[in-house]
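# Commentary on secondary and tertiary structure
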Amino acid sequence: MHINLAQWLRLVPSLEPAVLKPGVEGQLIVAVTIPAGGHIESDQPAEKFLIPTKLVLDPIEHIGYGPIRYPKAIEKRFSWTETVLKVFSSTIQIKVPLIVSRDAPAKTVTIFGTLNYQGCTASSCLPPNNQKFSIEAKILP
Amino acid sequence: MSKLIAKYNVGDVVDDFSLPMLDSTTAKLSDFRGKVLFLVFTATWCPYCGAEAPYLEKEIWQKYKDKGVQVLVVDVKESNQVVKEFRDRYGWTLPVVVDETGEVALQFAPKKEGLPPEIAILNSHFILDKTGKIVFREFFALETFDARLSAIIHKLDKILAQG
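Residues numbered from 1 in each chain as written. Chains lettered and ligands numbered in written order. Predicted model: local features only at pLDDT ≥ 70, side-chain atom pairs only at ≥ 80, totals over all residues.

### Details of the overall build of chain A
Within chain A, the regular secondary structure consists of zero helices and twelve strands. The C-alpha extent of chain A, read off along each of the three principal axes, is 55 × 30 × 20 Å. Expressed as a percentage of its 141 residues, the buried residues of chain A come to 24%. In chain A, the share of contacts with a sequence separation of at least 24, taken over all contacts with a separation of at least 6, comes to 73%. (Helix = DSSP H or I, 4+ residues; strand = E, 2+ residues; numbered from the N terminus. Buried ≥ 20, exposed ≤ 12 C-beta atoms within 10 Å, placed from the backbone. Contact = placed C-beta atoms within 7 Å.)

Structure (structure tokens):
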């Protein structure tokens, strides 16, 4: 089966609550689905030569981003290294607090983001990839 | 994994190629005729390559360079600068060439379903005898991968013992 390297992961962004309000904290949740049998490195890999997963959000007017919260990594043993590696597999959620400024006008904005990662299938590793996503956020008074 | 289809099999003489080295000089495969050549394909992002990197320098290059063995690392589809950083990180003194277009890697790569050749070739090892003939070929397979390169060391010892 051909591997689509550019879209190897499935990224589904969502907002909590679905509608944002000025002065109220919301949350961006990016659900990341890794193909069965595969994994990506965690945000804090166990070896210096491994490439960490990193979520990057484009700056946007009236919305500030809090510290990005990655899930706890799975500790996994591989036959090729004595180090227990810290990886993400299956579906994970990466969460980012959204701080909407008090003076934000009522409007719809688009949040753009990129997930930087390096993944492996059950049999091969794949080059590092930057996969983009976006979500519309409605700000109501 | 040795049953994978590739252009070159054990017993074949490899066509000459030339690639830039990290210091901007050019290395030709034919420059190394008369020596046993250990050829390895790598990329800086590849976890298995990173795991193998210290052993390439310490266990192969340092221990065999004075025994008539030439090591040549071929980095696949990356820039010179990225490869220099990788070399410095591992303190490599071994020779590295950069196959920025992946053209040479394509010649050696096995056909692996779903994978482009520049990925399928990574962590592959070839040993060429003094005439440029392939005497050992090992494509990457997770189930047999050994970052310590034990099979390579065993094979090099055997080849050197045969003269």
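Still more to cover.
### Brief notes about the overall build of chain B
Per the secondary structure count, chain B includes five helices and seven strands. Taking 163 residues into account, the globule formula puts the C-alpha radius of gyration at 15 Å, and chain B, at 14 Å, falls close to it. Taking the principal axes of its C-alpha atoms as reference, chain B extends roughly 40 × 35 × 30 Å. Classification of the 163 residues of chain B by burial places 37% in the buried group. (Rg over C-alpha atoms; globule rule 2.2 N^0.38 Å.)

### Structural notes on the interface of chain A and chain B
Size of an interface, as often reported, equals the accessible area lost when the parts are brought together. The partner chain B presents twelve residues to the 17 residues of chain A that form the contact. A breakdown of the residues in the side of chain A that touches chain B according to their chemical character gives eleven nonpolar, five polar and one charged. (Nonpolar A, V, L, I, M, F, W, Y, C, P; charged D, E, K, R; others polar.)

### Description of the sheet that holds strand β6 (residues 125-128) of chain B
Residue and element names in this part refer to chain B. One open sheet holds the five strands; their spatial order is β5-β4-β3-β6-β7, and the pairing between them is mixed. Of all strands in the sheet, those bounded by a partner on one side alone are β5 (96-99) and β7 (134-138). Strand-to-strand twist across the sheet, computed as the mean angle between neighbouring axes with direction ignored, equals 20°. Of the strand pairs in this sheet, strand β4 (residues 69-76) and β5 are connected by four bridges, and their pairing is parallel. Within β5, the residue paired with Val 74 across the bridge is Val 97. (Pairing = 2+ DSSP bridges. Axes fitted to C-alpha atoms, helices over the stretch in contact; angles between N-to-C directions.)

### Side note on the sheet that holds strand β12 (residues 129-139) of chain A
Backbone hydrogen bonds hold the strands of a sheet together, and the pairing may be parallel or antiparallel. Residue and element names in this part refer to chain A. An order of β2-β12-β10-β5 is seen for the four strands of this open sheet, with the pairing classed as mixed. At either margin of the open sheet sits one strand with a lone partner, and together these are β2 (19-20) and β5 (54-57). With two bridges joining them, β2 and β12 adopt parallel strand pairing. Pairing of Val 19 across the sheet is with Lys 138, part of β12.

### Focus: helix α1 (residues 47-64) of chain B
Along its 18 residues, α1(B) runs 25 Å from first to last C-alpha, staying within 8% of the 26 Å computed at 1.5 Å per residue. At Leu56(B), α1(B) shows its largest bend, some 40°. When α1(B) is considered as a whole, its buried residues turn out to be Pro47(B), Tyr48(B), Cys49(B), Gly50(B), Ala51(B), Glu52(B), Ala53(B), Leu56(B) and Ile60(B). For α1(B), the elements touching its buried residues are β8 (81-88) and β11 (119-120) of chain A together with β3 (36-42), β4, α2 (80-90) and α5 (150-162) of chain B. (Expected span 1.5 Å × (residues − 1). Bend = angle between axes of the 7 residues up to and from the residue.)

### A short note on unusual backbone geometry
A cis amide bond links Glu16(A) with the next residue in sequence, Pro17(A), at an omega value of -10°. Position of Pro17(A) among the secondary structure elements: in the loop between β1 (10-16) and β2.

### A short note on the pairing of β6(B)
Residue and element names in this part refer to chain B. The alternating pattern of β6 places His 125 and Ile 127 on one face and Phe 126 and Leu 128 on the opposite face, and all of these are buried. When β3 meets β6, the two strands line up antiparallel, connected through four bridges. Bridge pairing in β6 links Phe 38 to Ile 127. Where β6 meets β7, four bridges bridge the pair, whose relative direction is antiparallel. Bridge pairing links Ile 127 to Phe 136 in β7. The turn joining β6 and β7, which pair antiparallel and follow one another in sequence, is formed by five residues; a positive phi near 90° is taken by Gly 132.

### Some remarks on the confidence of the model for chain B
Across chain B, the average pLDDT comes to 93, with 98% of residues at 70 or higher. Of the two predicted TM-score estimates for the complex, the pTM is 0.88 and the ipTM is 0.82. (pLDDT = per-residue confidence, 0-100.)

### Regarding the environment of Leu140(A)
Residues and elements named next belong to chain A. Along the chain, Leu 140 falls in the segment after β12. With 19 residues separating them in the primary sequence, Leu 140 and Thr 121 have C-alpha atoms 43 Å apart. Beyond its immediate stretch of four places on either side in the chain, Leu 140 contacts Val 19, Lys 21 and Ala 106.

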